[in-house]
Amino acid sequence: MNKNNQFSDEDWSIPIPLTTEILHIARQFANEQPILEKAQQVYLNTVAVCAVNNYLRIIGICTNITAGDSWNPSIRLTEDVADLWITGKGSLECRPIKRGALSCDIPFSAGLDRIGYIIVEIDEDQKEAILRGFTPNIPATGRLSLSELDSLLQLPSYLHTLRPLLNLSQWFKNIFEAGWESVETVLDSQLTQPDLAFRSKSKPNNLKRCKLLKLGSPEATVALIVTITSESTSNTNILIELKPNLSQNYLPANLQITLLDEYEQEIIDTKIEESKQYIQLDLTGEPGERFSIKIVLGDESFREDFLV
């Protein structure tokens, strides 16, 4: 990627007006804080997130501003967070700097699971936020120089290269990605006799979603069911199931499912030599942890990337 020092300020710095709405939200969040220093931090973080959110929506990038940690009162109170959820991609950190600053310190907590970082210069006198650029990564020192930033003109193409990411924590907020339906909805969509193929024991606090995967012929259609249960503030139990569609009694032979960690290392690799009624993978994940599942049948394959 080209670096910002190859562009003039007029070429890549993007000013965003600080609207009445942005300032109102920032003041509201700041007023919730117990001390002045924390209130100022939350105020600037919120302004930065709102400014980036407005810019991304203008250029057609879908966001969900309320899904980030920066919109969670409890996390806002205890951590330095300025994240914005990019729909289907992940969290983008929006770090504020004061007018004239040449670098920005990135908090350790903001480096765990971010897909990128946008630096936002707050000019309260002019009532504008200047988006100075972005970077996919941060230095090991945690201090980012503005000279290391890429042009924001390259952000859309960068986001396009990222694999779609399914945020399981949003399920607890009843936010679900397209294609993931309730088991009952999937059952109702099947024009076959009711069957017990999708039915499994569940706890009252389970959240379960299902997606049909067409792996070639109609007979090879399988149901991917993901059930999550919050075990504690730091752990989520995740049950992954593969079951046949309602017109079949067994999964197709030679179906393969692989569980990958965030480094693309295989954790589990299972291949059905003979027809089975179901496959289950039971795992536990911590907040910010990523994993992927890959399902293969002959020349057909499906992959889903998850964020806990």
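Please refer to the structure placed before this passage.
Residues numbered from 1 in each chain as written. Predicted model: local features only at pLDDT ≥ 70, side-chain atom pairs only at ≥ 80, totals over all residues. Heavy atoms only, no water.

Participant: Which residues make up the layout of surface pockets, and what are the values?
Facilitator: Looking at the largest pocket, its volume works out to about 810 Å³. Where the lining of the largest pocket is concerned, the elements lending two or more residues are helix H4 (73-78) and strand E3 (83-86). Considering each element in turn, the lining of the largest pocket owes the most residues, three residues, to H4. A class-by-class count of the residues in the lining of the largest pocket yields ten nonpolar, 14 polar and six charged. Its volume calculated, the second largest pocket comes out at about 540 Å³. (1 Å grid on protein atoms, 1.4 Å probe; cavity = no way out; pocket = protein on both sides within 12 Å on 5 of 7 lines; lining within 4 Å. Points joined across faces, edges and corners; volume = space filled by probe spheres on them. Helix = DSSP H or I, 4+ residues; strand = E, 2+ residues; numbered from the N terminus. Nonpolar A, V, L, I, M, F, W, Y, C, P; charged D, E, K, R; others polar.)

Participant: Summarise the side chain of Glu-121; cite the residues concerned and give the values.
Facilitator: Within the secondary structure layout, Glu-121 lies in strand E6 (residues 114-123). At 2.5 Å, the side chain of Glu-121 forms a polar contact with the side chain of Arg-132. (Polar contact = N/O pair within 3.5 Å; in protein donor to acceptor, adjacent residues only side chain to side chain.)

Participant: An account of the environment of Leu-259 is needed here, citing residue identities and associated values.
Facilitator: Topologically, Leu-259 is positioned in strand E13 (residues 256-261). As for Leu-259 and Lys-294, which are separated by 35 residues in sequence, their C-alpha atoms are 6.6 Å apart.

Participant: Report on the environment of Val-42, specifying residues and quantitative values.
Facilitator: Residue position: Val-42 is located in helix H3 (residues 36-58). C-alpha of Val-42 to C-alpha of Ala-82: the two residues are 40 residues apart in sequence and 8.3 Å apart in space. Not counting residues up to four positions away in its chain, the partners in contact with Val-42 are Phe-29, Ala-30, Gln-33 and Arg-76. (Contact = heavy atoms within 4.5 Å.)

Participant: Any details on empty space enclosed by the protein? Residues and values, ideally.
Facilitator: On inspection of all chains with the given rule, the structure shows one cavity of 30 Å³ or more. A volume near 30 Å³ is recorded for the largest cavity. Lining the largest cavity are Lys-38, Gln-41, Val-42, Asn-45, Thr-46, Arg-76, Glu-79 and Val-81. The biggest single contributor to the lining of the largest cavity is H3, with five residues. For the lining of the largest cavity, the per-class residue count stands at two nonpolar, three polar and three charged.

Participant: Could you give me a rundown of the pattern of salt bridges, with the residues and numbers involved?
Facilitator: For the coordinates displayed, the defined rule picks out eleven salt bridges. Of the charged contacts, one joins Glu-264 and Arg-303 as a salt bridge, the two residues approaching to 2.6 Å between their closest N and O atoms. Placement of Glu-264 in the loop between E13 and strand E14 (266-271) and of Arg-303 in strand E17 (residues 300-307) is noted, with a sequence separation of 39 residues between them. Taking relative accessible area as the criterion, Glu-264 reaches 43% and is therefore assigned partly exposed. By relative accessible area, which is 21% here, Arg-303 ends up partly exposed. Ionic pairing is found between Asp-305 and Arg-303, a salt bridge with its closest N-O pair at 3.0 Å. Several salt bridges share partner residues, and in doing so they unite Asp-80, Glu-93, Arg-95 and Arg-114 into one network. (Salt bridge = Lys/Arg side-chain N within 4 Å of Asp/Glu carboxyl O. Buried < 20%, exposed > 50% of the residue type's maximum accessible area, 1.4 Å probe, protein only.)

Participant: Pulling in residues and values, what's your account of the sheet that holds E14?
Facilitator: Here five strands make up an open sheet; going across it, the order is E9-E17-E16-E13-E14 and the pairing mixed. Each edge of the sheet is formed by a strand with only one pairing partner; in this case those strands are strand E9 (165-167) and E14. The sheet shows a mean angle of 20° between the axes of neighbouring strands, direction not considered. (Pairing = 2+ DSSP bridges. Axes fitted to C-alpha atoms, helices over the stretch in contact; angles between N-to-C directions.)

Participant: Which residues make up the nonpolar core, and what are the values?
Facilitator: Within the largest apolar cluster, 41 residues are counted, with the highest numbers of intra-cluster contacts made by Val-52, Leu-56 and Leu-155. Breaking this core down by element, the ones donating at least two residues are strand E1 (14-17), helix H2 (20-31), H3, E3, strand E4 (90-98), E6, strand E7 (128-135) and helix H5 (155-161). In terms of residues, this core owes the most to one element, H3, which gives twelve residues. Look past the residues within four positions of Leu-56 in its chain and what remains in contact with it is Ile-61, Thr-63, Leu-84, Ile-86, Leu-92 and Leu-155. Within the second largest apolar cluster, 30 residues are counted, among which are Leu-215, Ala-220, Val-222 and Ile-293. (Core = buried A, V, L, I, M, F, W, Y, C linked by side-chain atoms within 4.5 Å.)

Participant: For H3, give the residues involved together with the corresponding values.
Facilitator: If you check H3, its first and last C-alpha atoms are 33 Å apart, about what 23 residues at 1.5 Å a residue would give, namely 33 Å. Following H3 by one or two positions, Gly-60 has its phi on the positive side, about 90°. (Expected span 1.5 Å × (residues − 1).)

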